[in-house]
Amino acid sequence: MTRAEFVVVANRLPVDHIVNADGTDGWRPSPGGLVTALEPVMRSTHGAWVGWPGQADVELEPFDFDGTRLVPVTLTAEDVELYYEGFSNDTIWPLYHDVIAAPRYRRVWWDAYVRVNERFAAAAADATAEGGTVWVQDYQLQLVPKLLREARPDLTIGYFHHIPFPAYGLYSQLPWRRQVLEGLLGADVIGFQRVADAGNFARAVRRQLRYETKATGIRVPEADGSFRTALAKAFPISIDTASYVELAERADIQARAAEIRESLGNPKKILLGVDRLDYTKGIRHRMKAFGELIEDGRISVEDVTLVQVASPSRERVQAYIELRDEIELTVTRVNGDNDTLGHSAIRYLHQGFPREEMVALYLAADVMLVTALRDGMNLVAKEYVASRVDNRGALVLSEFAGAADELGTSLRVNPHDIGALKDTILRAIDMPPAEQGRRMRAMRKKVIENDVAAWSRSFLTALAAAKENS
Ligand code: G6P
């Protein structure tokens, strides 16, 4: 097998498996922004991507797709249960999102996490050329940097953490807290979404490992008694802004936005929530605030509709099963208490939609509600801003989402404070067009300047520099 100079390692491959109507099957690019961001680097370096094809027990040889070599890593049904649903999404995910749901610490899950991380590291080591660069993605693979460094000291290794890194007081609950920190420190650069995340990581390293940190540098001891410097720093991720702008400018998509408004009964105002169905997203808080505004008589169902798109996610994990029940009960209650025969308070869609339809929805929505209780970045907030080529619309944005650092002219809110959330939603509904324009223009500037290509460039530049200096 020819080895690649540049290799991405992520839990998922950047493609989805599809079965055609005639029974044949194939692959199509999955909609994530990371794929788009890395496409130019992948093409110019003939890069490879190591990841799981998304289904259990699928054994596939590496194959080429759109100029990228895809290297599938097999997960058995047991790996999916213990490594993916268990340790990744029932231990790390809730712990790193400030224990909104209770993390479960199970030793068999940890053992599977180690085993599967070893498998990804071995696949990456095989796929990368002498002196090449590997970029590891996200919390499912925190042990890969160290494993890879041990196997291939010649490589340059980057790691990007897409979710929050928690405060030390919470992080220290993790029974394997030292191993995880050591795993991450195998990288030359460890990227985080927010400055605060990088700070939390550095503090955990100081407290647990007693390593010295200085600004963004961490002094990591090597086996031979020498030291190297790892960089732990914020690189806020973004979206492929131009592709959203292009869609939002299309006449058929603008027509679809008008059609959506029509089909909702042309309410005066449409509020929109778009999330994976996840307990970190604050969907219940949003619905509670909205329901109370109706009950208080401050808005009426004739005038205002909330559209909530909640795409199915991690459906076999208990906390997600419970969340779905709670959300669906809330929707039914709010609607049952408030609907008229002609108007619904909440239109709830437990579905995912193609990007074209999402942009039409963004254009149809007067107010976008992002009320996450904790979120690494929240790209939906950036997608909404990118799509508003008309400089209209208002964004209500949780201060607990990473996007709040950059989108300073959004209406920032603490979603736990239901009173403040209600007032802020009302303020967004009533916002005069001139104020919408002023705020939206400032946010658009940020999202246009810092798109996902700029993000990957700045990370990879820092990575190349760090390797030279270490
Ligand atoms: C978050 C994580 C990603 C993950 C995505 C979807 O954005 O940071 O690593 O891929 O959620 O979750 P899933 O479990 O379906 O991959």
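Here, the structure is the one placed above.
Here the structure is a predicted model, which means the values were calculated and not measured.

Engineer: Can you lay out the packing of aromatic side chains for me, pointing to particular residues and giving the numbers?
Structural biologist: Considering all chains together, one arrives at 23 aromatic pairs under this definition. Geometrically, the ring pair formed by Trp 135 and Phe 459 is stacked, given 4.4 Å between the ring centres and 10° between the ring planes. Taken together, the residues span a long stretch of sequence, with Trp 135 in strand 7 (residues 128-137) and Phe 459 in helix 16 (residues 452-469) at a distance of 324 residues. Phe 459 matches Trp 135 in its accessibility class, with the two residues each being buried. Centre to centre, the rings of Phe 235 and Phe 459 are 5.2 Å apart; their planes meet at 65°, and the pair counts as edge-to-face. Remark: Phe 459 occurs in helix 16 and Phe 235 occurs in the loop between strand 12 (227-234) and helix 8 (241-248); sequence separation between them is 224 residues. In this structure Phe 459 comes out as buried when scored by relative accessible area, which is 0%. By way of ring pairs, the aromatic residues Tyr 83, Phe 87, Trp 110, Tyr 113, Phe 120 and Trp 176 are connected into one cluster. When the ring centre of Phe 235 is taken as origin, the NZ or CZ atom of Lys 233, which lies over that ring, is 4.8 Å away.

Engineer: Could you give me a rundown of the sheet that holds strand 15 (residues 346-349), with the residues and numbers involved?
Structural biologist: Spatial ordering of the open sheet is given by 15-14-13-16-17-18, a layout of 6 strands whose pairing is parallel. Strand pairing shows two members of the sheet lacking a second neighbour, strand 15 and strand 18 (411-413), which therefore form its edges. Across the sheet, the mean angle from the axis of one strand to that of its neighbour is 20°, orientation sign disregarded. Examined bridge by bridge, strand 17 (residues 394-398) and strand 18 share 3 bridges and lie parallel to one another. The residue bridging Val 396 from the neighbouring strand is Leu 411, located in strand 18. Packed on one face of the sheet, helix 14 (residues 418-429) meets strand 13 (269-276), strand 14 (304-311), strand 16 (367-370), strand 17 and strand 18 and runs near 170° to strand 18.

Engineer: Give a description of the sheet that holds strand 10 (residues 213-214) that names residues and reports values.
Structural biologist: What links the strands of a sheet is backbone hydrogen bonding, and the strands pair in either a parallel or an antiparallel sense. Strand order in the open sheet made by the 10 strands is 5-6-4-1-7-8-9-12-11-10, with mixed pairing throughout. Strands at the two margins of the open sheet, each flanked by one partner only, are strand 5 (63-65) and strand 10. Sheet strands in contact with helix 7 (residues 195-209) are strand 9 (189-192), strand 10, strand 11 (217-221) and strand 12, and its direction is about 145° off that of strand 12.

Engineer: Describe in detail the pairing of strand 3 (residues 25-29), supporting the description with residues and values.
Structural biologist: Pairing of strand 2 (residues 15-19) with strand 3 involves 5 bridges; the strand directions are antiparallel. Its bridge partner being in strand 3, Ile 18 is matched across the sheet by Gly 26. Taking the residues between adjacent antiparallel strands as the criterion, strand 2 and strand 3 are bridged by 5 residues, where Gly 23 takes a positive phi near 90°.

Engineer: Summarise the packing of helix 10 (residues 283-295) against helix 11 (residues 318-338); cite the residues concerned and give the values.
Structural biologist: Running from N to C, helix 10 and helix 11 cross one another at 10°; their axes reach a closest spacing of 10 Å. When the interaxial angle is binned, helix 10 and helix 11 end up roughly parallel. Between helix 10, through Ile 283, Arg 284, Met 287, Gly 291, Ile 294 and Glu 295, and helix 11, the contact on the second element is made entirely by Leu 323, Glu 326, Ile 327, Thr 330, Val 331, Val 334, Asp 337 and Asn 338. A per-class count over the contact of helix 10 with helix 11 returns 7 nonpolar, 3 polar and 4 charged.

Engineer: Could you give an account of the site of the ligand, with specific residues and numbers?
Structural biologist: Near the ligand, the surroundings consist of Arg 12, Tyr 84, Asp 138, Tyr 139, Gln 140, His 162, Ile 163, Arg 276 and Arg 314. Within the side chain of Asp 138, a nitrogen or oxygen atom sits 2.5 Å from an oxygen atom of the ligand. Side-chain polar atom of Gln 140 to an oxygen atom of the ligand: 3.2 Å apart, as the coordinates give it. The fraction of the free accessible surface of the ligand (380 Å²) that becomes covered by protein chains is 69%. Grouping the constituent residues of the shell around the ligand by class yields 3 nonpolar, 2 polar and 4 charged.

What counts and what doesn't
Residues numbered from 1 in each chain as written. Predicted model: local features only at pLDDT ≥ 70, side-chain atom pairs only at ≥ 80, totals over all residues. Heavy atoms only, no water. Phe/Tyr/Trp six-rings, centres within 6.5 Å; stacked < 30°, edge-to-face > 60°. Helix = DSSP H or I, 4+ residues; strand = E, 2+ residues; numbered from the N terminus. Buried < 20%, exposed > 50% of the residue type's maximum accessible area, 1.4 Å probe, protein only. Lys NZ or Arg CZ within 6 Å of the ring centre and 35° of its normal. Pairing = 2+ DSSP bridges. Axes fitted to C-alpha atoms, helices over the stretch in contact; angles between N-to-C directions. Contact = heavy atoms within 4.5 Å. Parallel < 35°, antiparallel > 145°, perpendicular 65-115°, else oblique. Nonpolar A, V, L, I, M, F, W, Y, C, P; charged D, E, K, R; others polar. Near = heavy atom within 4 Å. Polar contact = N/O pair within 3.5 Å; in protein donor to acceptor, adjacent residues only side chain to side chain. Areas by Shrake-Rupley, 256 points an atom, 1.4 Å probe, with all protein chains shown as cover.

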